[in-house]
Amino acid sequence: MLRIECPCCGPRDHDEFRYGGDASVMRPSHDDPDPEAWYRYVYVRKNPPGPHSEFWQHMTGCRQWLVVERDTRNHSILSVGFART
Ligand SMILES: [Zn+2]
């Protein structure tokens, strides 16, 4: 089981959170007409071994969106921060 250290609520089990996807993917501008750019944004992921940035939302707590850096080889949490800038 993953334990995520929420900056607002402290350490919590991962089942209190909702996975929000890859945090390293950049959304194309809303007026980008290239269907290939939208295809890559929606469907194409790298799934690398090692550190990976992910969005998680603390659904049963503060409801904040977080960026969690997780090592995909052993599920260790390397860092947690707010997704807002
Ligand atoms: Zn929280």
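Located above this text is the structure these notes cover.
What counts and what doesn't
Residues numbered from 1 in each chain as written. Predicted model: local features only at pLDDT ≥ 70, side-chain atom pairs only at ≥ 80, totals over all residues. Heavy atoms only, no water. Salt bridge = Lys/Arg side-chain N within 4 Å of Asp/Glu carboxyl O. Helix = DSSP H or I, 4+ residues; strand = E, 2+ residues; numbered from the N terminus. Buried < 20%, exposed > 50% of the residue type's maximum accessible area, 1.4 Å probe, protein only. Donors = N, O, S within 2.8 Å, 3.2 Å for Na, K, Ca; no water. Tetrahedral: all angles 85-135°; square planar, octahedral: opposite > 155°, others 65-115°. Polar contact = N/O pair within 3.5 Å; in protein donor to acceptor, adjacent residues only side chain to side chain. Contact = heavy atoms within 4.5 Å. Phe/Tyr/Trp six-rings, centres within 6.5 Å; stacked < 30°, edge-to-face > 60°. Lys NZ or Arg CZ within 6 Å of the ring centre and 35° of its normal. Core = buried A, V, L, I, M, F, W, Y, C linked by side-chain atoms within 4.5 Å.

Draft legend 1. A look at the pattern of salt bridges. Counted by the stated rule, this structure contains five salt bridges. Here R12 ties to E16 by a salt bridge, and the two come within 3.7 Å at their closest N and O atoms. Across the pair R40 and E36 runs a salt bridge whose closest N-O atoms are separated by 3.7 Å. Residue R40 and its partner E36 are both found in helix α1 (residues 35-43); the two are separated by four residues, about one turn of the helix. On the basis of relative accessible area, R40 is assigned to the partly exposed category, the value being 40%.

Draft legend 2. Up close: the coordination of the zinc ion. At the metal site, the zinc ion is ligated by C6 (SG), C9 (SG), H58 (ND1) and C62 (SG), and these contacts range over 2.1 to 2.5 Å. Each of the four donor atoms bound to the zinc ion contributes to angles spanning 102 to 120°, and the resulting shape is tetrahedral. Summarised as a motif, the one-chain spacing of the donors to the zinc ion is C-x2-C-x48-H-x3-C. Pair noted here: C6 is in strand β1 (residues 3-6) and C62 is in the loop between β4 (51-58) and β5 (65-71), with a separation of 56 residues, a long-range link. Judged by relative accessible area, which is 27%, C62 ranks as partly exposed.

Draft legend 3. Inspection of the side chain of Q57 at higher detail. One can find Q57 in strand β4. Here the side chain of Q57 touches R63 through a polar contact of 3.1 Å, landing on its backbone oxygen. Filtering out sequence-adjacent residues up to four positions away, Q57 remains in contact with E16, F17, R18, R63, Q64 and W65.

Draft legend 4. View of the packing of aromatic side chains. Within this structure, the stated rule accounts for three aromatic pairs. The ring of F82 is capped by R84, whose NZ or CZ atom sits 4.2 Å from the centre of that ring.

Draft legend 5. Region of interest: the nonpolar core. Core analysis: the largest hydrophobic core is formed by seven residues, namely L2, I4, C6, F17, W56, L66 and V68. If you list the elements that add at least two residues to this core, you get β1 and β5. Setting aside chain neighbours within four positions, we find F17 in contact with I4, C6, R12, W56, Q57, H58, M59 and L66.

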